Structures are given as structure tokens and as C-alpha cells.
Amino acid sequence: MPSPALSTLDAAPPAPGAVLLNDFSLQVATVNGSGSQSSNLVLLRTLFQMGIPISGKNLFPSNIAGLPTWYTIRASRHGYVARKKEIDFLIALNPETARDDVAALAPGAAVLYDEPLALAGLRSDLAWYPVPFDKLVAPVCPEAKLRKLVRNMIYVGVAAHLMDMEMPEVERALRQQFRKKKKAADLNWAAVLAGYEFARATFPQKDRCRLARMDATRGKIVIEGNAAAALGCLFAGVTVVAWYPITPSSSLCEYLIGYLKQYRLTPEGKATFAVVQAEDELAAVGMVMGAGWMGARSMTSTSGPGISLMAEFTGLGYYAEIPAVIFDVQRVGPSTGLPTRTAQGDLAFTASLSHGDTRHLVLLPGSVEECYRLGLEAFDYAERYQTPVFVLSDLDLGMNHWMAEPFAYPDQPWDRGKVLTAADLDRLQGDWARYRDVDGDGIGYRTLPGTDHPQAAFFTRGSGHSDRAQYSERADDYAANMARLLHKWNGAREHLPPPKLERDAAGEIGILAYGSSHPAVEEALDQLAAEAGLHAAYLRLRAYPFAAAVAEFVRRFPRVYVVDQNRDGQMHGLLALDLGAELALRLRSVRHYNGLPLDARSLTDAILAQEGR
Amino acid sequence: MASTAAPPPKLNRIGLPQHDYRGAKTTLCAGCGHNAISERIIDACFEMGVHPHRFVKLSGIGCSSKSPAYFLGRSFGFNSVHGRMPSVATGAVLANHTLQALGVSGDGDTASIGMGQFIHLMRRNLPLIYIIEDNGVYGLTKGQFSATADLGSLQKSGVINDLPPLDTCALAVLSGATFVARSFSGDKRQLTAILKAALAHRGTVMIDVISPCVTFNDHEGSTKSYKYVMDHEEPLQEVSFIPAFTEIAVDYDPGTTLDVAMHDGSHLRLRKLAHDFDPGDPQRALQVLTEAHRGGEVLTGIFYIDTAKPDFVTQLGLVDQPLAQLPLEAVRPPRAVLDEIMRAHA
């Protein structure tokens, strides 16, 4: 089959009601625990293999089985991968939510549904595809107890027909999904074919949501942010991992454990790593502190409630200057909040986590590639600055499926920071103090336990200390130490991942955003230009504290919109404090906090409203 | 010719004088039991020939947790946060399991705020000597009862403790520690012997040392005062320790003395006193601890020892070299691995 180029597809702008070619959003509404994830991943992979840009988002409840769950796949010939607010094609299999799901659709959308739900009478402005799932699955799956598992493959076959999926790609995706289970693959493929044949005979018209091969995914990968972050840790050379299970961060350490077991055993089967499932997050981060003090590359991963518990220890890490890497895969708070929904609500808290004057380094990955890259670099920063480093991901980035270019192998060795050996101590002849600023960057030289030298040892403590690490309550010792810590933190500004000018424009408005907001911002920029003729520049923040380039960006525009996925505009607040009063007046806050991933339409509308357009 | 020079100090088996095992001057109260424990740690490490550079000391928060600054000044120390020393020690030991680690905690630091981490430390059998300097009160905050204070014990202010104590030894036995003992800061001989045996053990050693607080809990009516403990101490066995490096063979009577062979070839000898006691039986350990409480005795000695159970480092199958010191090529998989993983996601 010939592959139409992107430009060919774009040649004919879609008329109202016309075919949505490679540009729609498909939602599967099921019951949690009903095994629909395999079917959804087959759909996602099929589109990806057909060269069509995709993203897949799982909206799931905090529940093992029985509550509603939705999986959304977006196909976008433009390459947009943010959540699309409107659903164009609904697969309705959950009796509990079907009516609400249908009511939420825009006119012209399609509904593929389980026939007994009898939804077709609900609205007259939708396309209806009733499918007798039970009737179709029975002949292909004689074993009744397996039917529940393969039943969902019926909708794959029906959708394949209605949308013009390439069946060889469907089969390839399915066999990849069940690559270790040939019998299961055969059974599921039979169910797909049953759905496909039924649809071909029943719905010859096909739907307006249509697919055709493109060439926009060649060489790309599909991966979750948590797997990407785990790879960052693996290639950073992490050796001590301590964690406590919590949604949505658990899979990060679980992926990491899998990689470590596969790639980090010696030929004799010995481990070059230690993993501890701790008794709680306090213990997890305590273990990371102990390991970091000892000189190991150590990490933990958690989410908001765990971050709350880690406050005391990370203050110790800041004050006693101990390297640590802490991934925070954010979910909706406060308190237990919405444990399976996404937010950027921990930003302000982690930036100064702990009592007293504490300031941390925070990295802000905006893609799965950056979950890998910044995850890897976080270990260098932690050891270079001898301090805890937070990597702020979120549920959307961490647990959903994203396309990316294959990750690049690190082209640099690691940076272990300033560590003195016994030979160094000999050379210094006793002229060493653990917390003395020798180089003017606020970073002292440390020694590691086990260093065989009579002057190597020092006493690490969270209480007041002199530059020789001796207990001190002296006012000048305390003040000098705190000033040095601030100097060290400020010194990181120009060395952390710099902000990235994603789009430049000479107009009146700028946009500052970070993390998983990135794909929605990119799409919103196009919407603002196309719909209102507004050409905005966009600077993506990738670390806190901010580099000077952030102030320079803000200075260029009378109005700068700061995009936050939290109620209080936390990045807006941090920026306002950092930039000072004059520049802070240029900042405007755009806040999205309903637990759903940010979508471009909401963002565009919010900016247009503030612009008075 | 001057002939009045002091005699050269006695050197231990690795050629160090005892002075090399001392720390900073204590800031605890004169007469504090904790200072005596620091002295015993110095004695045991000196006599066993522990290398100070191969030793780390960790603690939580409180009077007890200040004490690591007062012994082994040539060793690295880490005074962490309240009740959380076990986790810090766990990370440290896993990062470098070739060093000897010793943690000092108190009864407040362990039995209240630190109870969760304490139990999980025991459960993992991390190779660590965990000492509770147990005086039944919070000293730094001026004398509130801790959770090891005995029922009916009198506080200096006149308040009587009306809650039962937690027995950290019983909890340690139940939780999986492989060496559980109780001693008294004033019992120099027993405490030194237990500490030496602890240095030879592979696994978690939990030693609850009754250590009177001379300022807040040494009065009439307190069950943790020097007088009370001296009057009520009941040794379970006579503890002696024969290091592996000693060349003197010490005979013993198998009828009255139990010999425990330690990992490093040394021997722990437990001579029976009033009790017929097998320290390999956790049920029996719990029984004597319960009976001692009932009888108002301060029972000391080694309640439980298991030299066979693998420690946490062994369970995790770690490489011999410290994880913290592995070179880049040992911990960063080659490019081909990343390529392989990328292909699996394509």
C-alpha cells in the first residue's frame, strides 16, 4: 500500500462532518479489572506501526476491580500528543458510565457499544455501532472461563474495519503483545477477526474517524515515563535503591528492579546493586541518605504523600550535604487526594522541603526522553552539589504511553563531585575542612567512610556545625554556613538543565511552562496562532532554581503566561519570588487542576480569555 | 640521661594505642551511664583490634545519640534524625558492607519515635551492632518518661508511670535479630564481653544497656537508678569471649558452659548461673524475659543468638566489593544494552 505523505493528507482541509483522517481521539470505557488493557495496547501499537503519531492515556480509578476506567488513544497527523478534550469515537462497554459517556460527546461522534446496553436511542446526532460481544465471542472461544479475557478483542476487530486499520499491522501488534503466549495470541486474534468480519458485514459505510498509513513514527519508540526514568537510573549507575510502593510511582522502581536483575548481575550472579522495599517513605529516604553518605549512587521514588514524609530527612540532606536522588511522580493532593489522577501540585513543597531555610535542586522533565536524560543527570547534580535532587514527573508523564526518539547513550562519564582520597589528604597535610568553601562555589570537599587515612573521618550531623564538621552553636558558624549553602544553591542556576526556547515569536506574549504541560502548550501555540492570530513565544522551564535566561525571556514580553497544573499557580509563585517585583508584574497565571492531563483547548481558551479575545 | 620518660603505650594487635580509639570530650553529665558505655566500646574495639578507618558509627537524636562523638574519633560518624538511625545505617551498610557499623540509640529514640524502623531493622538482620542506651527517660527534654520506663516507676517530679514498659529485647527476638542481649553500663566485665562477641557476629546485634540518667532518673523510686539496677541485676549467664586471634586455649566444662562458635573463629562462652538456659531458643528467651519482668529482676546476659541465619547483605547477594566503590564500567551497562531496550520499545 502506498504511504501518503503528511502534506498529501493535509492538502484537503476537512469539511464539517467529513472524514477525520488520522486526527481523532478514541476512548474505551470499561470496568477496571476487565482486561481491556491488552486490547487498548494493540490498538495503540497498530496506529503507531501504521506510522501515525499517537499517545495513549489511561484514566483509572483507585481500585483493583469494578470501578469505571477509560483509556484514550489520540491519533494526530500533526503530531499532537497532548490529551484532546473532545472524544470522537467512544467504545462504550461499561453499563455504569455509558449514558454519561454518551452525553459528553460532541455532535457527530461515534459510539461502538455492547448491543444489550441499547444506547442508540439516547441521541440522534451520533453514529451508532451496536455490537453483540457475547454472541461473537462464544464461537471463537469455546472455553467459557476464557471469554472474559478475549471478549475485548472484538472491539479491536470492529474498530479496525470502521477506521481502515491495516489488518497485518493489527496482527503484528497483537502477536507482539502476546509474544510469550502463542495460544493466547491465536485465541485473541480469532476474536479480532470475528469482530472484523461482523463489522464488515454489518457496517459497510465505515466511520468518519479514519486511518491511513503515514511515515511519522519511523525509528521512534513508545514508552512510559516511569520506565524511561528507570533507564536513567540504570545508566547513571545507581547502586542503592530504597522505595515504598505508592501510585503512581511504583512502576518506576519496579521497572528499575527488572532492569537491574537483567543487566546488573555479574557473571557469577552477584548483584552490583541493592534494592530495599522499605517499611515507609521515611525509611526509604533514610536509606538513600545513608548510602549517599557512604558514597553510593542512591535513589528513591515516591509521590506526594511520600514526599510529605520525607521532609525531615531531606532537610538533613540539604544541611549535612548528602547526595540523594528523589523522584516524585506527582498525583493529585492534598492528603490522599485523587491517587490515580495527575497534577503538578508538589512543586512549591519540594522546592523548599523541610523546616528552616531549605532550598533544593528540582529537575522538571517535560517528556519521556527527559525522564531518562534528567533522571540520569540527577545523580551527577546530586554528587556535584552534595545535596538531594528532586526529579518531578507526574502520573501523566510517568504512567502513560508516549512516543519518543530512541534514548541516547550517555556520552559523558559520571561526575562524582569533590571527593578526597587518602593520597589527596596526604598532599593537603591536614589542611582540609569538610565544609570549607575552597573553590568559591560553596561546595566543600568530602571524604567517604572507609578512606584509609587518620584525617579522613568527619562527623556528619544535622545540628549546627563548623566548617570542620564540629558541633557548633556559634552565631558566626551558623550564619556563615547558611550563607555558603545559599551561594552553592545559587551557583547551580546556570549549570542545571537550561530552559529551552521551544518557540520564539516577536509578539506581545510569552508562555512559561514545564513538565507534562509541554505537549498541550505546543498545540495551544498553534491554536492561538490559527484562531486568534496570536503568536506567542514559549520557554520551557527544566529546573529550579532558574537560570538568568528566564528573566531575560520575561523581560521581552509585556505579558507572560505561566502554565501550572495546580490550583495555586505554584510555578507562578516561585517565579514571582525569584524575578522580583518589576518582572513579576508581567506574569499571568494559567491553572489547570481537575486531575486530567492538560489539554490544548483548555489552555488556549484560558489564555484567550485573559487576553480579552 | 633522662630516664623518666613515660613507658610506651600498650599497643593492640594492629599496633594502635588505646588513645587512637578515643573520641571528643563528652558533653554528657558527669556519671552518665552513656559515658561508661562509650568507654566499653573503646575497650572492646581496642582489644579486638578493630581498625578505626574500617568502622562507622551512627545514631539518632537524644543524649545517647550524641555519644558517638565521644568514642572512635578516627571513625566516620553520622548523627541523623530522631528515631531513624536504622534506615540510615541500612543504606550505609548496603553501600559498603565491608565496614563494621555500630549504631547508638536511646530508649526514646528506639522505643517511641523509632519503633517502626527498629523492628524492620531486626527483621532484615542487617549486619549492625545496635545499642540502646536505656535510662527510661527523655534526658535532653528534661526527664519525661520513655516507653521503657517500668510500670510504677517514679518520675523526679512525683509522677508515677502507669503504662507498662516495652521490652526491646523481647521485640528484637520476635522481630528477627540474631544476637539479643541486655547489660548494665556499670557491669564492665559483662558489657565488654558482649561487645566483643558483637563485633564477631554477622547479623543484627541488639544490646539494650541499662544506663542510668544521673540527672533525671537516679532517685529513690526509679527502677532505672544505679542503686535499683545494682540491687536487682540478675545475670543469666557468665559471659566470656575468646577472640579468634588469641593463642591461648581456654578449657571449659560442657556440662556448665555453652560454647558458641562465631563466624570469624572466635568463641562465645556462656557459663550457666541460676537458669538452665539455651540462647538458641527464641521461645525460651521470651519466657525468661517475661518472668524477669514479673519478678522485678533486671535480667542481663545474652538471650538469643543465631549464627546460621544469613544476614541482609548475604540475602541480597551483593558483590564483594563495596557498592559505593564500583567503577563506572561495573554499573553502567554497555551501549548495546540500551540499544536492545530501545528496540524492544520500537
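Residues numbered from 1 in each chain as written. Chains lettered and ligands numbered in written order. Predicted model: local features only at pLDDT ≥ 70, side-chain atom pairs only at ≥ 80, totals over all residues. Heavy atoms only, no water.

Novice: How should the pattern of salt bridges be read in this particular structure?
Specialist: Overall, the coordinates contain 59 salt bridges over all chains when judged by the stated rule. A salt bridge links Glu 502 of chain A to Arg 540 of chain A, with the shortest nitrogen-to-oxygen separation between them at 2.7 Å. Highlighted residues: Glu 502 of chain A in strand 18 (residues 500–503) and Arg 540 of chain A in strand 20 (residues 537–541), separated in sequence by 38 residues. Residue Lys 272 of chain B is joined to Asp 276 of chain B by a salt bridge in which the shortest nitrogen-to-oxygen separation is 3.5 Å. Given the relative accessible area of 56%, Asp 276 of chain B is considered exposed. Within this structure, Lys 84, Glu 86, Asp 88 and Arg 208 of chain A form a network of salt bridges that share partners. (Salt bridge = Lys/Arg side-chain N within 4 Å of Asp/Glu carboxyl O. Helix = DSSP H or I, 4+ residues; strand = E, 2+ residues; numbered from the N terminus. Buried < 20%, exposed > 50% of the residue type's maximum accessible area, 1.4 Å probe, protein only.)

Novice: What is the right way to read the layout of surface pockets from this model?
Specialist: Left-over empty space is what a probe sized like a water molecule reveals as it rolls over the atoms. When its volume is computed, the second largest pocket comes out at roughly 760 Å³. Taken together, 23 residues line the second largest pocket, and the ones lying closest to its centre are Gln 176, Arg 179 and Tyr 255 of chain A together with Ala 344 and His 345 of chain B. Put simply, the parts of the chain that give the lining of the second largest pocket at least two residues each are helix 2 (37–49), helix 7 (167–177), strand 9 (221–224) and helix 10 (250–263) of chain A together with helix 12 (335–344) of chain B. With 5 residues, helix 10 of chain A is the single largest residue contributor to the lining of the second largest pocket. For the lining of the second largest pocket, a count of residues per class yields 11 nonpolar, 6 polar and 6 charged. (1 Å grid on protein atoms, 1.4 Å probe; cavity = no way out; pocket = protein on both sides within 12 Å on 5 of 7 lines; lining within 4 Å. Points joined across faces, edges and corners; volume = space filled by probe spheres on them. Nonpolar A, V, L, I, M, F, W, Y, C, P; charged D, E, K, R; others polar.)

Novice: Honestly, the interface of chain B and chain A in this entry has me stumped. Any pointers?
Specialist: Many descriptions give the size of an interface as the accessible area lost when the pieces come together. Counting residues at the interface gives 56 residues for chain B, matched by 72 residues for chain A. Both faces combined, the contact of chain B with chain A buries some 5100 Å², and carbon together with sulfur accounts for 67% of it. Viewed at the interface, chain A and chain B are joined by 1 salt bridge. In this structure, the salt-bridge partner of Glu 279 of chain A is Arg 124 of chain B, at a minimum N-O distance of 2.7 Å. Mapped by element, the contributors of at least two residues to the side of chain B that touches chain A are strand 1 (55–59), strand 2 (76–79), helix 3 (85–95), helix 5 (115–124), helix 11 (328–331) and helix 12 of chain B. Tallied by class, the residues present in the side of chain B that touches chain A amount to 31 nonpolar, 17 polar and 8 charged. (Contact = heavy atoms within 4.5 Å. Buried area = accessible area lost by both parts, 1.4 Å probe.)

Novice: I keep staring at the packing of helix 11 (residues 281–294) of chain A against helix 13 (residues 311–320) of chain A and nothing clicks. Help me out?
Specialist: Geometrically, a packed helix pair is captured by the angle between its two axes and the distance between the axes. Residue and element names in this part refer to chain A. Direction vectors running N to C along helix 11 and helix 13 enclose 15 degrees, while the axes themselves pass 9 Å from each other. By the angle between their directions, the pair helix 11 and helix 13 is classed as roughly parallel. Here helix 11 and helix 13 pass one another in a crossing that is left-handed. Contacts between helix 11 and helix 13 involve Leu 282, Val 285, Gly 286 and Met 289 on the former and, on the latter, Phe 313, Thr 314 and Gly 317. (Axes fitted to C-alpha atoms, helices over the stretch in contact; angles between N-to-C directions. Parallel < 35°, antiparallel > 145°, perpendicular 65-115°, else oblique. Left-handed = near helix turned anticlockwise from the far one by under 90°.)

Novice: Help me understand the domain arrangement of chain A in this model?
Specialist: All names here are of chain A. Assigned domains of chain A: these are domain 1 (6–210), domain 2 (223–404), domain 3 (418–496) and domain 4 (500–610). The centre of domain 3, based on its C-alpha atoms, is set 39 Å off from the matching centre of domain 4. Each partner contributes to the interface: domain 3 provides 4 residues, whereas domain 4 provides 7 residues. Both sides together, the interface formed by domain 3 and domain 4 hides about 540 Å², and carbon and sulfur atoms give 58% of it. Contact with domain 4 buries surface across domain 3, with Trp 489, Arg 493 and Leu 496 losing the most and accounting together for 82% of the total. On the surface where domain 3 and domain 4 come into contact, there are 1 salt bridge. (Domains from an automatic or database assignment.)

Novice: I'm lost on the state of the cysteines in this one. Help?
Specialist: Among covalent bonds in proteins, the disulfide is the one between the sulfur atoms of two cysteines. For the coordinates displayed, the defined rule picks out 0 disulfides over all chains. With no disulfide partner, Cys 253 of chain A has as its closest neighbouring cysteine sulfur the one in Cys 233 of chain A, 7.4 Å distant. With no disulfide of its own, Cys 32 of chain B lies 6.3 Å from the sulfur of Cys 29 of chain B, the closest cysteine sulfur. When its relative accessible area of 11% is taken as the criterion, Cys 32 of chain B is described as buried. (Disulfide = S-S within 2.5 Å.)

Novice: Explanation requested: the pairing of strand 15 (residues 388–394) of chain A in the structure shown.
Specialist: The two faces of the sheet receive side chains in turn, since in a regular strand these alternate between them. Residue and element names in this part refer to chain A. The buried fraction of strand 15 is high, at 7 of 7 residues. Covered by surrounding structure in strand 15 are Pro 388, Phe 390, Leu 392 and Asp 394 together with Val 389, Val 391 and Ser 393, the residues of both alternating faces. Alignment of strand 13 (residues 324–330) against strand 15, held across 7 bridges, turns out to be parallel. Each bridged residue has a counterpart across the sheet, and for Val 329 the counterpart in strand 15 is Ser 393. In the sheet, strand 14 (residues 361–363) pairs with strand 15 via 3 bridges, with the strands oriented parallel. Pairing of Leu 363 across the sheet is with Val 391, part of strand 15. In the classification by handedness, the crossover that spans strand 14, the intervening helix 15 (residues 368–385) and the parallel strand 15 is right-handed. (Pairing = 2+ DSSP bridges. Right-handed = clockwise from strand over helix to strand, strands pointing away.)

Novice: Help me understand the sheet that holds strand 20 of chain A in this model?
Specialist: In sheet architecture, strand pairing relies on hydrogen bonds along the backbone and comes in two forms, parallel and antiparallel. Residues and elements named next belong to chain A. Strand order in the open sheet formed by 5 strands is 18-20-19-22-23, with mixed pairing between adjacent strands. Sheet topology places strand 18 and strand 23 (587–591) at the edges, where each strand pairs with a single neighbour. In this sheet, neighbouring strand axes are inclined to one another by 25 degrees on average, regardless of whether the strands run parallel or antiparallel. Judged from the 5 bridges that link them, strand 22 (residues 559–564) and strand 23 form a sheet pairing that is parallel. Along strand 23, the bridge assignment pairs Asp 564 with Arg 591. Of the strands in this sheet, strand 18, strand 19 (509–514), strand 20, strand 22 and strand 23 are in contact with helix 20 (residues 548–555), which crosses strand 20 at around 160 degrees.

Novice: Help me understand unusual backbone geometry, please; the structure alone is not making it clear to me.
Specialist: One can expect most non-glycine residues to show negative phi and most peptide bonds to be in trans. Residues and elements named next belong to chain A. Cis geometry is found at the peptide bond from Thr 247 to Pro 248, where omega equals 5 degrees. Along the chain, the position of Pro 248 falls in the loop between strand 10 (240–243) and helix 10. In this chain, Tyr 544 is followed by Pro 545 through a cis amide linkage whose omega measures 5 degrees. With respect to the secondary-structure elements, Pro 545 resides in the loop between strand 21 (543–544) and helix 20. The phi dihedral of Ser 335 is positive, around 55 degrees, even though this residue is not glycine. Within the secondary structure, Ser 335 is located in the loop between strand 13 and helix 14 (347–351). Its relative accessible area of 67% is what places Ser 335 among the exposed residues. With a phi close to 65 degrees, Ala 469 is a non-glycine residue in the positive phi region. With respect to the element layout, Ala 469 can be found in the loop between strand 17 (459–461) and helix 18 (475–491). Its relative accessible area of 3% is what places Ala 469 among the buried residues.

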